[in-house]
Amino acid sequence: MREDCWPRPRARLRRHLLTLAIESSCDDSAVAVLEKHGPPQPGRPAVRIRYHEKITSNNLAYKGVHPLEALHSHEENLANLVARAMLHLPKAALRPQPPCPDVVQVHPRSGSDDTCPSLWNVRKPDLVTVTRGPGMRSNLNAGLNLAKGLAVAWNRPLLGVHHMQAHALTPRMVNALEETPDTGSFKPSFPFLSLLVSGGHTLLTLSRGLTDHEQLAGTVDVAIGDAIDKIAREVLPDDVMNSSAGTMYGPALEQFAFPDGPDGRRYDLPATRAAELDRYTSLDGAWSLAPLLAVSRSGSRTNDLAFSFTGLCSSVKRATHQLLKYQRSFLEDQRRELATHAMRLAFEHLASRVWLALKHAPEIRTVVVSGGVASNCYLRQILRTYLGNRGFGHVDLIFPPLHLCVDNAIMIGWAGIEMYEEGWQSELSIRSLKKWSLDSRSEDGGILGASGWRRREESSNTPTSLHHEINE
Ligand code: AMP
Ligand code: ZN
């Protein structure tokens, strides 16, 4: 730290870690500024979100994510988001004059006006975090190349984050946003189970440590969010579809099935596991739905640690076809019944796999459920009832707030900070990874199996603000 450009520490001293984070793996362009405070202070959160903004590409015309449309959206929006994020970096207290290694100047108005004297001096982030993979390659590159440019310009370390690791660590970040644990370690502590249910993923993982995640179950076909959207497109009446603001039809499906909200919902768990494997036949007898991965009563697939949803999508399609062709009607009540039972079967399928995993790992006390589908109240009800009635009532179910468990840049910043504090940073030469397993037992070696990791050397790579206490 240079004495002439940074104010002397005052009374209350802390150590900080400040990151600018970028997420662009799919159709969301997101940028965050996240600040982790130093020594624990009772009653005070360990982490503060200084800025977060996300722009989702307009996919309406395609009824789903369109990779090129999403790329164009990143190209148009990411740099502007970074420019806005920089206005939210902490102000440098005593107007140090550049050049100063810890300070950068920003202009508070968009578009630079050289005649305007009101440039702000703000603290440079201590590290730049960015999603490296998995995801759509060009989309990842839009964020990664921008992050590399910032890391070079600011002379700061780069940290290429595994997107799914960031999802898995989200509940720890939520804890850090609420408090600073006395012990210094965030909750849930390892090990814990994570069920990630989103538009692109259906994953059940066992997290034993920061980089030690075992994938217990994944989908053999489509992701649950994708299946929910397909089912919604079959079942929802045109007026509901047309009034949807985006292509995420899950909330509309839930709202349509349960117009009276959570109070109007009823869920009776079948008395036995065997009874769960019965087909459901509609009230008018016109259609039926089979439980997922339970085609045979011999039990051949019922205990598979895997997810599958295409069978359900096909059955729903068949049911609507049946109703329209032979009954020439698809009344609101029929649609509602189909929507409810399709969701019930999909969610019981999820619950049964969590239950199977818990039976094999009795030491687990926490299950984290995240991803867009986790906001569904019927899913939450089914998971609670299922685990409670099948011997796992003592297990804590955690549902992070929705804005933190869908794709966002805050979780990328947090995962980057956790990795950095563990001593990791990335080479500037890292390339984006379209596929990148989370599981260290997989062929590619998981998170640390990727090339380009570098052990952080405190002396040369660590920003000055990590070595020196600074005042706010
Ligand atoms: P994500 O990929 O995490 O951003 O989540 C998006 C997916 O979650 C989309 O497929 C949505 O349809 C689905 N989703 C969001 N809210 C709900 C809900 N309340 N019920 C069911 N699915 C939902
Ligand atoms: Zn995601």
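Just above, that's the structure.
Anyway, here's the lowdown on the structure attached to this text. All of these numbers come straight from a predicted model, not from anything done at the bench.

Per the stated rule, a full pass over the model turns up 18 salt bridges. The residue R390 makes a salt bridge to E276 at a minimum N-O spacing of 2.6 Å. With R390 in the loop between α10 (377-389) and β14 (396-398) and E276 in helix α7 (residues 273-276), the pair connects residues that are 114 residues apart, well separated along the chain. Each of D212, D439 and R441 takes part in a single network of salt bridges with overlapping partners.

Attention shifts here to the sheet that holds strand β8 (residues 192-197). Read from one edge of the open sheet, five strands run β10-β9-β8-β13-β14, paired in mixed fashion. This sheet does not close on itself; its edge strands, each paired only once, are β10 (213-218) and β14. In this sheet, neighbouring strand axes are inclined to one another by 20 degrees on average, regardless of whether the strands run parallel or antiparallel. When strand β13 (residues 366-370) meets β14, the two strands line up parallel, connected through three bridges. Each residue of the ladder has a partner; that of V368, found in β14, is I398. Sheet strands in contact with helix α9 (residues 332-360) are β8, β9 (202-207), β10 and β13, and its direction is about 160 degrees off that of β8.

Turning next to helix α2 (residues 137-154). With 18 residues, α2 should reach 26 Å at 1.5 Å per residue; the first-to-last C-alpha distance of 25 Å fits that figure. Of the residues making up α2, those classed as buried are N139, L140, G143, L144, A147, K148, L150, A151 and W154. An end-on view of α2 places all buried positions within 165 degrees of arc, on one side of the element. Exposed and facing more than 90 degrees away from the buried side of α2 are V152 and A153. Packing partners of the buried residues in α2 comprise β1 (17-23), α1 (67-86), β4 (103-106), β6 (127-133) and β7 (158-162). Taken from the residues just after α2, N155 is the one with a positive phi, measuring 55 degrees.

Calculation rules
Residues numbered from 1 in each chain as written. Chains lettered and ligands numbered in written order. Predicted model: local features only at pLDDT ≥ 70, side-chain atom pairs only at ≥ 80, totals over all residues. Heavy atoms only, no water. Salt bridge = Lys/Arg side-chain N within 4 Å of Asp/Glu carboxyl O. Helix = DSSP H or I, 4+ residues; strand = E, 2+ residues; numbered from the N terminus. Pairing = 2+ DSSP bridges. Axes fitted to C-alpha atoms, helices over the stretch in contact; angles between N-to-C directions. Contact = heavy atoms within 4.5 Å. Expected span 1.5 Å × (residues − 1). Buried < 20%, exposed > 50% of the residue type's maximum accessible area, 1.4 Å probe, protein only. Arc of directions from axis to C-beta.

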